[in-house]
Amino acid sequence: MHSSVAAARGGILIRRAVARDAKRLTRLVRGSRAYEGHYAAMVADYRVGPDYIENHRVFVAVDTRDATGRVLGFYSLMLVPSELDLLFVQDGMQGNGIGRLLVEHMRSEARAAGLDRVRVVAHPPAKGFYLSVGALPTGTALANPPAVAWDRPELEFLIP
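Residues numbered from 1 in each chain as written. Predicted model: local features only at pLDDT ≥ 70, side-chain atom pairs only at ≥ 80, totals over all residues. Heavy atoms only, no water.

What follows deals with the environment of Arg152. Of note, Arg152 is situated in strand E8 (residues 152–158). Sequence spacing of Arg152 and Gly139 is 13 residues, and the spatial spacing of their C-alpha atoms is 8.8 Å. Ignoring anything within four residues of it in the chain, the contact list for Arg152 reads Val121, Ala122, Pro124, Gly139, Thr140 and Ala141. (Helix = DSSP H or I, 4+ residues; strand = E, 2+ residues; numbered from the N terminus. Contact = heavy atoms within 4.5 Å.)

Below, the discussion takes up the packing of aromatic side chains. By the definition in use, this model includes four aromatic pairs. Both rings, one in Phe74 and one in Phe88, keep their centres 5.9 Å apart while their planes meet at 10°; by these two values the pair is stacked. You can see Phe74 sitting in strand E4 (residues 71–78) and its partner Phe88 sitting in strand E5 (residues 83–89), a full 14 residues away along the chain. Each member of the pair Phe74 and Phe88 is classed as buried. Where Phe129 meets Tyr130, the ring centres are 5.3 Å apart and the plane angle is 65°; that geometry is what we call edge-to-face. Given a relative accessible area of 28%, Phe129 falls into the partly exposed group. By relative accessible area, Tyr130 is classed as buried at 6%. Feature note: the residues Phe129, Tyr130 and Phe157 constitute an aromatic cluster, connected by ring pairs. (Phe/Tyr/Trp six-rings, centres within 6.5 Å; stacked < 30°, edge-to-face > 60°. Buried < 20%, exposed > 50% of the residue type's maximum accessible area, 1.4 Å probe, protein only.)

Attention now moves to the pattern of salt bridges. With the rule as written, the count across this model stands at ten salt bridges. Among the salt bridges present, the one from Asp21 reaches Arg24, with a minimum N-O distance of 3.2 Å. Ionic pairing is found between Arg119 and Glu83, a salt bridge with its closest N-O pair at 3.2 Å. Of the two residues, Arg119 is situated in strand E6 (residues 117–121) and Glu83 in strand E5; the sequence distance between them amounts to 36 residues. The network of salt bridges with common partners includes Arg15, Asp21 and Arg24. (Salt bridge = Lys/Arg side-chain N within 4 Å of Asp/Glu carboxyl O.)

It is worth spelling out helix H1 (residues 22–30) at this point. Considered for burial, the residues of H1 that qualify are Ala22, Leu25, Thr26, Leu28 and Val29. For H1, the buried positions fall inside an angular range of 160° around the axis, keeping them on one side. Facing away from the buried side of H1 by over 90 degrees, the exposed positions are Lys23 and Arg27. (Arc of directions from axis to C-beta.)

Remember, this is a structural readout, not a statement about activity or role.
If you want it as structure tokens, here you go:
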């Protein structure tokens, strides 16, 4: 069962992603400045497909003041195992509370699904963000070349 409850705050609406969002979400991932330089290979061929959106809990933050419903960010919550699989905020929009809003929404989705914790294997530059929104460090996910060529911090959100 998919929840489709939307949450809105300050001109930002968080809604369930739909198949037609796939291309926009793929562009957001591939174009992210967080993956420049030696991280670029990680997302060069990454695809958020309609099948992924259909099979996972993917939510998008959209600008309600934009007639096109511009996507500001998104996240994906996996239930088994419980993991925050993806969380991206549009370049130029970081620092405006969108990531924090997405994490709050993810926590409420996790709680509604009966999860008591959600694991995050973070992109190394994102570790500070996750710590700032309440994730606790739990260890390190070791590099797994060629898929991932560097160690990544592991964290978890406790869901009260």
